[in-house]
Amino acid sequence: MKKYRDIYAFLCYFILGVVYFGKVLFGKGMLFGTDWLLGAYANQSWMAQFVKTYHEFAYWNPYIFCGYPTVASFFGEMLTPVLFIRLFVPTHITFAWLFATMTFVGSFGMYLFLKEIGIRPIYRILGGLVYGWSGFFLSTVYAGHHSRMVSAELFPLIMYLILAGMNRKSIRYFILAGGTGGLALLMGHFQMTYYMIPTALAFVIYIFVINRKDYKKEELRRIGIGLGLTLLIGFLMYSFYIFPVLRNMPYASRGATRGYEFATSWSMPPEETLNLITPHFSGILDNYWGRNYFKLHTEFAGILVLLLFFGGAILEYRRRWVKFFLWMFGITLIFAWGGHTFFFRIFYYLLPGIKKFRAPNMIFYQCVFSMVVIGFIFLENIKWDKRLRNYLIGFTGFLLLMAIIFSIGRSGFISSFSSFISSKLARTYSQQLIMQKISALRQNYSHLIKGLWLSLLFGILYAGIIIGILQRRLKGWIGVSIMGILFLLEMWPVERRFVKVVPTPDVYYAPDEVVNYIKHDTGKFRVFPLRYQHDKDGLLMINGIENIGGYGGNPPKLYQKYIGAEKTVLFHPMALIRNPHLIDLLNVKYLIDMPLPEDFSKYPKNVRQQLVYWQNFLSRFEMVYQGKNYVIYNNPYACERVYLVSNYHILDSHERILNAIKNPDYSYKDSVFLVDKPEFEPENRRPDYQIDIEEYSPNRILLNLKTDIPGILVFSENYHPEWKAYVDGKNVKVHRVNFLFRGVVVPAGEHRVSMVYSAKPEHLGLYLSILGYLLFIVGFFLPRGGKVSDKDKDKD
């Protein structure tokens with residue numbers, strides 16, 4: 001029985017994950033996720049289909065933003081088991097299994113870590129459960145943030161492997177730690193995984209300090225080699241992204257340092273730490289009234305975790321692991337608070353990379369880890385005495401006091417919080433949004449009171465079970481089982497708010513009237529979704545329609561500047577609205593909009609002015625379809641995807657070029673603007689040419705050209721240095737023309753032209769990643785090392 005105890009624990013966690021996500025694991029529905037449905041599903045299903053069909057990765061995504069890199073822009077899960085599974089299992093089912101898998105991996109990782117520090121089996125099984133099913137992790141489902149779930153749930157396993165390597169002085173565990181860290185980087189959220197590095201480093205240093213007298217020279221050498229392998233393997237496995245991302249950084253919207261305000265955006269307001277007592281303090285989803293613009297997760301980890309954590313912090317603070325994890329909890333909590341305290345400036349200026357990140361609150365998973373470890377050290381060591389009795393009375397008394405105060409002081413607290421919100425947000429948010437938050441505060445308050453009384457109830461029940469176990473009125477395994485069931489009952493009403501199901505993709509992404517009209521056009525063109533419900537959710541991409549908008553995490557910097565959205569990563573095309581002829585250069589054949597009303601007179605003056613503005617804007621286009629909900633306009637001025645121009649003008653900067661093409665009198669058919677002079681003299685006439693396109697795929701473009709005079713072959717695609725051009729097999733320079741696009745000089749005559757994404761950084765990274773994977777696999781076959789002695793386990 002003892003021999004298979006770990007297997008039984010793993011199976012227990014596995015079965016719970018399958019039961020919880022059972023409805024969507026076998027295709028009866030699709031998990032709802034805001035970012036998932038906003039474009040992630042379309043991207044992932046497209047990549048899986050591309051790899052399955054062409055047996056190579058797509059290094060360029062042509063479907064949004066006029067094209068942008070995939071791997072170089074952190075396109076997720078490219079070189080992972082998840083993509084491999086997607087080749088055989090539908091994408092939405094793989095997505096659901098990933099969440100289910102991570103819950104039991106996180107639970108089992110925490111189980112192993114607690115085992116390594118000497119927590120008895122019945123307690124570590126419960127500890128794994130409360131970590132893996134913490135609200136902070138399960139609530140990531142709502143936004144579809146599976147990468148965040150991966151990083152958070154792999155963290156205990158990485159910490160266990162490092163600790164096991166230090167305890168057993170075995171290379172095996174360090175290699176496995178590096179491989180698991182590599183998977184966290186490849187499959188998880190880079191920023192959250194990056195946060196593990198200083199924590200793991202501090203953990204290693206602490207172990208060295210407390211065991212400094214026990215290590216022999218040979219053991220220190222072996223540990224040093226092991227730690228080096230951990231970093232090396234993690235680096236090698238992630239190389240598939242490292243080199244492309246570094247190459248792409250100057251051309252991407254993300255990755256640049258944007259200042260302290262950007263780095264502290266989406267910090268966790270300190271007052272929201274009270275969500276640990278009840279998830280309803282700052283409100284859930286639509287009821288959220290806190291200082292951030294919105295909130296799609298909860299910090300609530302359950303009253304059981306809070307009860308045990310404070311018990312450990314107060315009564316067991318002398319124990320060596322409690323000391324470390326108390327410091328870890330405090331530092332990571334202050335970090336999560338971000339710009340709301342002046343301490344974050346220390347992290348901002350001293351820790352490399354922090355200036356390029358935002359959302360410090362994402363480190364909170366380490367707070368949860370610390371709380372669980374401290375809590376179960378407390379549970380392992382408590383004895384029934386006066387100190388424990390006083391603590392349990394004090395903890396439940398505090399919950400009772402909170403419930404009474406908030407129940408009695410309803411009007412006073414609403415007034416105080418309303419004033420607090422108004423004063424804190426006056427400089428950043430509109431008065432309308434502030435009033436909406438105050439309204440949400442009022443609507444949420446009844447849930448807050450209910451949540452506090454429920455927390456009191458569960459606190460009393462947990463305290464009673466602990467007393468029953470210690471006084472031998474309950475058998476240990478029975479008491480722990482009851483606590484586990486109570487924990488799930490406590491978390492379920494909260495977590496089910498974040499786990500929703502929508503119809504399967506064939507229904508959810510069924511073509512609408514717009515798609516049904518446009519998809520019959522087999523030409524090469526793009527669409528401009530002005531006011532369209534599916535402008536960002538991937539419906540157009542799924543149906544093979546290229547979109548100048550869309551949703552992506554790291555759009556090209558030049559493109560964002562071209563459309564007038566250089567200060568954001570979202571599609572805000574104000575420059576295109578002000579300069580409609582810029583739309584022509586993007587190969588936009590169709591514009592999608594809602595129908596304008598026939599009679600403007602019944603609207604207020606300011607609305608009439610907006611309607612007239614839109615009417616004037618749309619007047620240069622031709623309406624070709626009017627359906628139930630949308631109208632479609634044809635753009636008669638749109639350029640071809642590839643065209644030839646024989647005349648050019650040289651300007652000394654790309655900024656001047658952007659201003660030049662904004663001139664309404666500029667015609668792309670007659671000339672282009674460049675910074676570098678091409679190898680032929682311009683001619684003030686249009687060439688007579690013919691283009692025959694053989695292939696137009698994400699990684700390469702092949703065409704035949706016949707022209708009577710030399711010219712610049714313009715590809716209405718985003719410029720990027722990884723695109724290489726060949727004319728009759730000879731490598732030629734790719735010019736950046738008209739600020740944004742690619743151009744290739746071709747002489748008169750007949751030529752075969754190819755444009756290929758070189759992917760040299762991706763290929764280098766691929767080979768190194770494969771090497772990292774091989775080293776990771778080798779780790780499974782190395783000796784386990786010696787057993788952990790009592791002195792390596794938790795002690796005073």
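Scroll up to find the structure.
This is a predicted model, so every value here is computed, not measured.

What counts and how
- Residue indices follow the written sequence of each chain, beginning from 1 at its first position.
- Totals for whole chains, interfaces and linings use all residues, but because this is a predicted model, local features are given only for residues with pLDDT of at least 70 and pairs of side-chain atoms are given and counted only at 80 or more.
- Water and hydrogen atoms play no part in the side-chain values, which are based on all heavy atoms of the structure.
- Think of it this way: any DSSP run of H or I at least four residues long counts as a helix, any run of E at least two long counts as a strand, and we number them from the N terminus.
- Expected helix span is taken as 1.5 Å per residue step, with the number of steps being one fewer than the number of residues.
- Using a 1.4 Å probe on the protein chains alone, a residue whose accessible area is under 20% of its type maximum counts as buried, one over 50% counts as exposed, and one in between counts as partly exposed.
- The arc in question is formed by the directions pointing from the helix axis toward the C-beta atoms.
- Whenever a pair of cysteine sulfur atoms sits within 2.5 Å, that pair is classed as a disulfide.
- At least two DSSP bridges between two strands are required for those strands to pair.
- Every axis in this analysis is a line fitted to C-alpha atoms, fitted for helices over the stretch in contact. Angles between the N-to-C directions lie between 0 and 180 degrees.
- Under the pairing criterion, centres of Phe, Tyr and Trp rings, with the six-membered ring standing for Trp, must be within 6.5 Å; the plane angle then separates stacked pairs below 30 degrees from edge-to-face pairs above 60, leaving the rest tilted.
- Two thresholds decide whether a charge sits over a ring: the Lys NZ or Arg CZ must be within 6 Å of the ring centre and within 35 degrees of the ring normal.
- Each angle receives one of four descriptions, namely roughly parallel if under 35 degrees, roughly antiparallel if over 145, roughly perpendicular if within 65 to 115, and oblique otherwise.
- Every residue pair with non-hydrogen atoms within 4.5 Å of one another is taken to be in contact.
- Without a salt bridge and with relative accessible area above 30%, a residue can belong to a patch; like charges are then joined within 9 Å and nonpolar side chains (Val, Leu, Ile, Met, Phe, Trp, Tyr) within 5 Å.
- Reported accessibility uses the Shrake-Rupley method at a 1.4 Å probe radius. Residues are deemed covered only where the shown protein chains occlude them.
- Salt bridge, as used here: a side-chain nitrogen of Lys or Arg that lies within 4 Å of a carboxyl oxygen of Asp or Glu.
- His is not counted here, nor are the chain ends, while Lys and Arg score as positive and Asp and Glu score as negative.
- Note on charges: their place is set at NZ of Lys, CZ of Arg, CG of Asp or CD of Glu.
- N or O atoms closer than or at 3.5 Å make up a polar contact, with two conditions inside protein: a donor-capable atom paired with an acceptor-capable one, and, for residues adjacent in sequence, both atoms drawn from side chains.

*Asks:* How would you summarise helix 12 (residues 196-210) if you had to cite specific residues and measurements?
*Replies:* Taking 1.5 Å of rise per residue, the 15 residues of helix 12 would be expected to cover 21 Å, and the 21 Å separating its terminal C-alpha atoms lies within 8% of that figure. All of the buried residues in helix 12 are M196, T199, A200, F203, V204, Y206 and I207. In an axial view of helix 12, the angular spread of the buried residues amounts to 160°, which keeps them on one side of the axis.

*Asks:* Describe in detail the state of the cysteines, supporting the description with residues and values.
*Replies:* Applying the stated criterion to the full structure yields zero disulfides. Considering cysteine sulfurs only, C66 is the nearest to C639, which forms no disulfide, with 9.2 Å between them. You can call C639 buried: its relative accessible area is 2%.

*Asks:* So what about the sheet that holds strand 17 (residues 730-732)? Which residues, and what values?
*Replies:* Strand order in the open sheet formed by five strands is 13-14-20-16-17, and the pairing between neighbours is antiparallel. In this open sheet, the two edge strands, each paired with only one partner strand, are strand 13 (689-696) and strand 17. Taking the axes of each pair of neighbouring strands and ignoring which way they run, one obtains an average angle of 25° across the sheet. With three bridges connecting them, strand 16 (residues 723-727) and strand 17 associate as antiparallel partners. The residue of strand 17 that forms the bridge with Y726 is N731.

*Asks:* Can you lay out the packing of aromatic side chains for me, pointing to particular residues and giving the numbers?
*Replies:* If you walk through the whole model with that rule in mind, you get 90 aromatic pairs. A ring pair is formed by F14 and F104, whose centres lie 4.9 Å apart and whose planes are at 70°; its orientation type is edge-to-face. In this pair, F14 is assigned in helix 1 (residues 5-20) and F104 in helix 5 (residues 91-116), connecting sequence segments 90 residues apart. The cationic tip of R172 hangs over the ring face of Y173; the distance from NZ or CZ to the ring centre is 5.9 Å.

*Asks:* Account for the packing of helix 15 (residues 303-315) against helix 18 (residues 364-381), with residues named and values stated.
*Replies:* The interhelical angle for the contact between helix 15 and helix 18, taken along N-to-C directions, is 70°, at an axis separation of 7 Å. Accordingly, the angle class assigned to the pair helix 15 and helix 18 is roughly perpendicular. Seen from helix 15, the contacting residues are V305, L306, L308, F309, G311, G312, A313 and L315; seen from helix 18, they are M371, V372, I374, G375, F376, F378 and L379.

*Asks:* Lay out the environment of R608 in plain terms, naming residues and giving numbers.
*Replies:* Within the secondary structure layout, R608 lies in helix 29 (residues 605-618). The partly exposed category is assigned to R608, whose relative accessible area is 31%. Non-local contacts of R608, meaning those with residues more than four positions away in its chain, are made with F600, S601 and Y603.

*Asks:* Explain a positive patch on the surface to me, using residue names and the numbers behind them.
*Replies:* Residues R254, R258, R358 and K557 make up a contiguous surface patch of positive charge. Note on placement: R358 falls in the loop between helix 17 (344-350) and helix 18. Take R358: its relative accessible area is 30%, and that puts it in the partly exposed class.

*Asks:* Go over the side chain of R86 with me, naming the residues and quoting the values.
*Replies:* Tracing the chain through its elements places R86 in helix 4 (residues 81-86). A polar contact of 3.0 Å, which involves the side chain of R86, links it to the side chain of Q44. Among residues more than four places away in sequence, those in contact with R86 are W36, Q44, A48, E77, T91 and T94.

*Asks:* Which residues make up unusual backbone geometry, and what are the values?
*Replies:* What you tend to see is this: most non-glycine residues have negative phi, and most peptide bonds are trans. Backbone geometry places N587, a non-glycine residue, at a positive phi of 65°. Mapping N587 onto the fold places it in the loop between helix 28 (581-584) and strand 7 (588-593). A relative accessible area of 3% places N587 in the buried class. Positive phi outside glycine occurs at F739, with the angle close to 75°. Along the chain, F739 turns up in the loop between strand 18 (735-737) and strand 19 (741-746). For F739, a relative accessible area of 1% corresponds to the buried category.

*Asks:* Account for the side chain of S107, naming residues and giving values.
*Replies:* In this structure, S107 sits in helix 5. Residue S107 is classed as buried on the basis of its relative accessible area, which comes to 0%. From its side chain, S107 meets the backbone oxygen of G128 in a polar contact 3.1 Å long. Among residues more than four places away in sequence, those in contact with S107 are Y13, G128, L129, G132, W133 and E153.

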